[in-house]
Amino acid sequence: MTDLLTRTRRTVPAGASDTPGRPLAVGAAAAGVTAAVGMLLGCMALGLAAWFASDAGSHGDTRDALRVGADAWLLAHGASLQLEAATITAVPLGLSLLCGYVTFRLGRWAGATCAAEDDRALLLSAAALAGSYGAVATLTGVLASLAQAQPDLGRAFVGAFVVAAVTGGPGLVLGSGRWDAIRARAPQGVVSVLSGAASVVLLMLVAGTLLVTVALALDFGAAANVLSRLHTGVPGGLLSTLVVAGVAPNAALLGGAYLLGPGFAVGTGALVSPTAVALGPLPAFPLLAALPDNGATPAWAAALVAVPAAAGAVSAVLMLRRSPVTTYDGGALRGLCAGVLGGVLLALVIACAGGSVGPGRMADVGASLGETLPAAAVATGLGGLVGGVAMTWWLRRRRTESG
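Residues numbered from 1 in each chain as written. Predicted model: local features only at pLDDT ≥ 70, side-chain atom pairs only at ≥ 80, totals over all residues. Heavy atoms only, no water.

### Quick look at the confidence of the model for the chain
In low-pLDDT segments, the atomic positions of the prediction should not be examined closely.
Then, number 1: Per-residue confidence for the chain gives a mean pLDDT of 87, with 90% of residues at or over 70.
Then, number 2: Counting contacts from residues 1–19, a segment whose pLDDT is below 50, to residues more than four positions away or on other chains yields 15 contacts. (pLDDT = per-residue confidence, 0-100. Contact = heavy atoms within 4.5 Å.)

### Points about the nonpolar core
Then, number 1: Trp73, Tyr133 and Leu172 are the most contacted members of the largest nonpolar core, which totals 32 residues.
Then, number 2: Taken together, the elements giving at least two residues each to this core come down to helix H2 (24–55), helix H3 (62–75), helix H4 (93–113), helix H5 (119–144) and helix H6 (153–176).
Then, number 3: Of all the elements, H2 adds the most residues to this core, at 9 residues.
Then, number 4: Ignoring anything within four residues of it in the chain, the contact list for Trp73 reads Ala36, Met39, Leu40, Cys43, Leu95, Cys99, Tyr133, Val136, Ala137 and Thr140.
Then, number 5: Counting residues in each nonpolar core, the second largest holds 27 residues, with Val91, Leu259, Val266 and Ala347 among its members. (Core = buried A, V, L, I, M, F, W, Y, C linked by side-chain atoms within 4.5 Å. Buried < 20%, exposed > 50% of the residue type's maximum accessible area, 1.4 Å probe, protein only. Helix = DSSP H or I, 4+ residues; strand = E, 2+ residues; numbered from the N terminus.)

### Some words on the packing of helix H12 (residues 328–351) against helix H13 (residues 369–402)
Then, number 1: Where H12 contacts H13, the two axes come as close as 6 Å, and the packing angle between them is 150°. Our classification of the angle between H12 and H13 gives roughly antiparallel. When the axes of H12 and H13 are compared, the crossing they make is right-handed.
Then, number 2: Classifying every residue of the contact of H12 with H13 by side-chain character gives 15 nonpolar, 10 polar and 1 charged. (Axes fitted to C-alpha atoms, helices over the stretch in contact; angles between N-to-C directions. Parallel < 35°, antiparallel > 145°, perpendicular 65-115°, else oblique. Left-handed = near helix turned anticlockwise from the far one by under 90°. Nonpolar A, V, L, I, M, F, W, Y, C, P; charged D, E, K, R; others polar.)

If you want it as structure tokens, here you go:
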């Protein structure tokens, strides 16, 4: 009798699923739909709340408010929005990151609760997750399309597919427990360079965030004045804060473009760089208070262009600390490759931070890829080279002292 009452404990091998009968592709497709629909409904709910907070529903109807939320969700995936007076192409990267995080978590859940037979099954499941996510984005674009506001359906599907694949795919791999096996098959040098390149991007993102935060804190009064002129109450202030949070990563990346030297534009003909600032009329938006004043820049601002090189050097040091190399040519090569690759990735990410945000002058906001790409590759590449040689020297010295 006690044998019947005692629950038998089943041993599950590492990476195996508790429900081996359900294919991973099915769970991945369900995760993709759930992630897309969940975030879409959240954006539509915020659109509805903003409609009530702004004019208590006196203009338009609930369908308009829900459509605005759907359009914002589509913009977060790179779908441009064709309006009567302008084309909106800027991506609110804060919302994009939130969508990616939700997709990653659901992808990890699918990988942990479904059967993953081999790497081919993982690849097909990632495609299923991204495809189902993209299908929801395409359907949303069709339903939200009006003559006055038409999302680009092709960009909606491609952008949503890429976001889901880049975030949900790793979630599937981690959830299935196959990450260690996949990483063990990859060459150590390649893994090391990729981690160093990722460090470059993260360090520059931190530097850009710090730059924008300090600049905004120094001119916080101007930001407060902008909010007061907008005559927003408590609900409006909260919504304005959410909007600022949605584009905060864009501002941090444009801060990185500033540190690289070429700078960025905030309107046609405008330039914000360490050596010159030329601004025209700007919309009333609190985050724009962080922009420097027109005219000549202080002499110390030019020294900020050394930050990308320092980021490349620090990333090389961290990389070689995790994966030591005791030959100078090996350390120099890894540091250089990590720095250059990190610079290229940084320039591509910075390019995603700009776009058209309105009619007229505001159709040109962001940094030029043709200028930031060589500047980033050279600065972080040289920094990585110096950091790689310096760290190799330090490792060789420690090895000699300990031997």
